[in-house]
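# Commentary on secondary and tertiary structure
Take a look at the letters that make up each chain.
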Amino acid sequence: MGKPTGFMEYERAEAEHRPADERIRDYYDFTLPTDVEVIIRQSARCMDCGVPFCHAGVAFKDGVIGCPLGNLIPEINDLVYRKDIEGAYERLTMTHPFPEFTSRVCPALCEGSCTLGEHELPVTVKNIERYIVDYMLEGGRIRPRAPRTHTGRRVAVVGSGPSGLACADMLNRLGNDVTVFERADRPGGLLTYGIPNMKLEKSIVEDRIRIMAEENVTFVLNTEVGMDMPVIRLLGEFDAVVLCCGAGNERKLDAAGVGLKGVYTAMQYLSASAKRLLGNASREDALIDAKGKRVVVVGGGDTGTDCVATAIRQGATGIAQLEILPCPPESREEDNPWPLWPRAQKTDYGIEEAIALYREDPRRYLTTVREIKGSKGRVASVVAVRVEWVADRGHQAPVPVDGTETEFQADMVITAMGFTGPERALIDQLQLEVDARGCVAADRSDYKSSLPTVFAAGDMRSGPSLVVRAIDEGRRAAISCDRYLNEEKNGKIANLIA
Ligand SMILES: Cc1cc2nc3c(=O)[nH]c(=O)nc-3n(C[C@H](O)[C@H](O)[C@H](O)COP(=O)(O)OP(=O)(O)OC[C@H]3O[C@@H](n4cnc5c(N)ncnc54)[C@H](O)[C@@H]3O)c2cc1C
Ligand code: SF4
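Figured I'd write up the structure that's included with this text. Remember, it's a predicted structure, so these values are computed and weren't measured experimentally. (Residues numbered from 1 in each chain as written. Chains lettered and ligands numbered in written order. Predicted model: local features only at pLDDT ≥ 70, side-chain atom pairs only at ≥ 80, totals over all residues. Heavy atoms only, no water.)

Turning our eyes to something else, we now look at the sheet that holds strand β18 (residues 454-456). Hydrogen bonds along the backbone pair up the strands of a sheet, which may run parallel or antiparallel. The strand order β5-β4-β3-β6-β18 describes an open sheet built from 5 strands, whose pairing is parallel. Taken across any chain shown, the strands that pair with only one partner, and hence form the sheet edges, are β5 (218-220) and β18. Strand after strand, the sheet turns through a mean of 20° between neighbouring axes, direction not considered. By the bridge criterion, 4 bridges tie strand β3 (residues 154-158) to strand β6 (residues 240-243) in an arrangement that is parallel. Pairing of Ala 156 across the sheet is with Val 241, part of β6. Here helix α9 (residues 162-173) sits on the sheet and contacts β3, β4 (177-181), β5 and β6; the angle it forms with β3, its principal contact strand, is near 170°. (Pairing = 2+ DSSP bridges. Helix = DSSP H or I, 4+ residues; strand = E, 2+ residues; numbered from the N terminus. Axes fitted to C-alpha atoms, helices over the stretch in contact; angles between N-to-C directions. Contact = heavy atoms within 4.5 Å.)

Spelled out as structure tokens, the structure:
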């Protein structure tokens, strides 16, 4: 513990953001670097409380307590307080391969469980993590570390999102020969083609891929396993396969008019925007543009907010965001006590920007779409209706309230209503067992699917989740896969001896 009285002396200092009216003019990161002296004082607020829930990462009731990766947060804070930033990075990367991603996009589950947070504002764990990794990146201090051992075994990882990257990284460190197959033209999964540049600049993802490639991980792009690469060939050529294909099936809006021109899903919209920024947009992608348009975003979650922020940067003239759920409470309620993750309303970056630009909060709670109206085949307006949540056979269900309709003029509608689960093609080809949500059935104890040499991790196994959880799953699946291959080898040797 750096400073025993730090938590009494220093207030929490949030990471600072560029002013909303300035940052909406570009797609660069909206978070400003934090001064080292501020970071040291913030690390001094860590109480070394004895039972650091922040790094527990355990499921409790209907939530999770702390960082899923089990980052050694009090130890890291102590090293930062002592100005040993490289030591802090070493400690951080004992449990976490890619802090440059989470320090930008993680909701900071750790902070929701910080003991100081029971009575005061929690330690700024995420921003301290960001300082550490940015210090290492800026000084060119993160260097490739190729594995020292080689098992001679070949493992294929399908999908290069955070779970696939974490899995490949760990398998490689354990001495396996790893090939990552990716359907897209660039690796990174939703880190590249989902999360917008202002939250996670793509150069950060590219730098990590370059380091991994230098560490001997092979990336094969533009290759959809099951289409361009037959699964039979994959199973034959590799000793094991880890599926990390995400949960890309978007929830569909069930309303008249969804087929009109100008209606897009969040992923169509965000990936087109990302491709335009990266300079590899198709002609169709280039046409998906909110410039000069009135936009309605259906869905009030984080993806919806990313769509709002992107539409603002493209030059939308007005935005409404419809959310079917009620507005969350301002702070955690009695049934959601510390150290659980607090369920409370937040005004995220895109909403802040919309309020700054249009002088109005775009969010409309307890509201859904009744109909999308068109003119000459293009979207013209959205008829929204208020809902009431009523008990229906043991569940709460939204029921539209007649007479509460509002019509929003719209030239573009983006549906950001979440994801229902993984795509089925590859799962069906492999005839894998799935769970009730359609995710690959694989237990968290070993990540093994119903096929002996096939493992699954990330959103494809867990359902739509978070980057930090995908990284955790990828690492654990890699360790399980490696253990399985070791046992196989030892079994074969034992059989030979017998
Ligand atoms: C718009 C958006 C914003 C988000 N923002 C955040 C955030 O700020 N913070 C956060 O923590 N989480 C965020 N999330 C969630 C987070 O991105 C996901 O939970 C995480 O990326 C899941 O990782 P994954 O590796 O399991 O899958 P993905 O990232 O989805 O990667 C799967 C990869 O598999 C590839 N693939 C699929 N099938 C095949 C095949 N047959 N052959 C080859 N490749 C294949 C896909 O092309 C893709 O690249 C966001 C999600 C979205 C959609
Ligand atoms: S990865 Fe996320 S939850 Fe874990 S320590 Fe970092 S910010 Fe906290």
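What follows picks up the thread again.
Before going further, it helps to examine the site of ligand 2. Within the structure, ligand 2 sits among 13 residues, and Cys 67, Asn 71, Cys 106, Cys 110 and Glu 129 are positioned closest to it. Broken down by secondary-structure element, the contributors of at least two residues to the shell around ligand 2 are α7 (109-112) and α8 (125-138). Its residues assigned to classes, the shell around ligand 2 comprises 8 nonpolar, 3 polar and 2 charged. (Near = heavy atom within 4 Å. Nonpolar A, V, L, I, M, F, W, Y, C, P; charged D, E, K, R; others polar.)

The environment of ligand 1 is made up of 34 residues, and the closest members are Val 105, Ser 163, Glu 182, Asp 459 and Val 467. Every element with two or more residues in the shell around ligand 1 is listed here: α9, α13 (266-278), α15 (302-314) and α19 (467-497). The residue inventory of the shell around ligand 1, partitioned by class, reads 17 nonpolar, 11 polar and 6 charged. Formed jointly, the shell around ligand 1 draws a minimum of three residues from each of two domains, domain 2 (154-248 + 420-497) and domain 3 (252-417). (Domains from an automatic or database assignment.)

On to the nonpolar core. Core analysis: the biggest nonpolar cluster contains 64 residues, and Phe 101, Ile 132, Leu 171 and Val 242 have the highest contact counts within it. Here this core takes 8 residues from α19, the largest share from any one element. Taken domain by domain, this core gets at least three of its residues from each of domain 1 (6-17 + 24-138) and domain 2 (154-248 + 420-497). Leave out the neighbours within four places in its chain, and Phe 101 touches Leu 165, Leu 191, Leu 200, Ile 204, Val 205, Arg 208 and Val 467. Core analysis: the next-biggest nonpolar cluster, separate from the first, contains 20 residues, Ile 24, Tyr 264, Val 308 and Ile 312 among them. (Core = buried A, V, L, I, M, F, W, Y, C linked by side-chain atoms within 4.5 Å. Buried < 20%, exposed > 50% of the residue type's maximum accessible area, 1.4 Å probe, protein only.)

Let us now look at the state of the cysteines. The full count for this structure, using the stated rule, is 0 disulfides. Left without a disulfide partner, Cys 307 is nearest to the cysteine sulfur of Cys 327, which lies 20 Å away. Exposure remark for Cys 307: the relative accessible area of 0% places this residue in the buried category. (Disulfide = S-S within 2.5 Å.)

Our focus in this paragraph is the environment of Glu 86. Structurally, Glu 86 can be placed in helix α5 (residues 85-92). Separated by 399 residues in the primary sequence, Glu 86 and Leu 485 have C-alpha atoms spaced 34 Å apart. Setting aside residues no more than four positions away along its own chain, Glu 86 makes contact with Tyr 135, Met 136 and Arg 141.

Along the polypeptide, Arg 18 turns up in the loop between α1 (6-9) and α2 (20-23). For Arg 18, a relative accessible area of 11% corresponds to the buried category. A polar contact is formed between the side chain of Arg 18 and the backbone oxygen of Tyr 28, at a distance of 3.3 Å. Excluding residues that lie within four positions of it along the chain, Arg 18 makes contacts with Arg 23, Asp 26, Tyr 28, Asp 29, Phe 30 and Leu 32. (Polar contact = N/O pair within 3.5 Å; in protein donor to acceptor, adjacent residues only side chain to side chain.)

Contact pair helix α3 (residues 36-44) / helix α4 (residues 73-81): the axes reach a minimum separation of 8 Å and the direction vectors enclose 135°. When the axes of α3 and α4 are compared, the pair comes out oblique. Crossing angle aside, the handedness with which α3 passes α4 is left-handed. Along the contact surface, α3 presents Ile 39, Ile 40, Ser 43 and Ala 44, while α4 presents Asn 77, Val 80 and Tyr 81. (Parallel < 35°, antiparallel > 145°, perpendicular 65-115°, else oblique. Left-handed = near helix turned anticlockwise from the far one by under 90°.)

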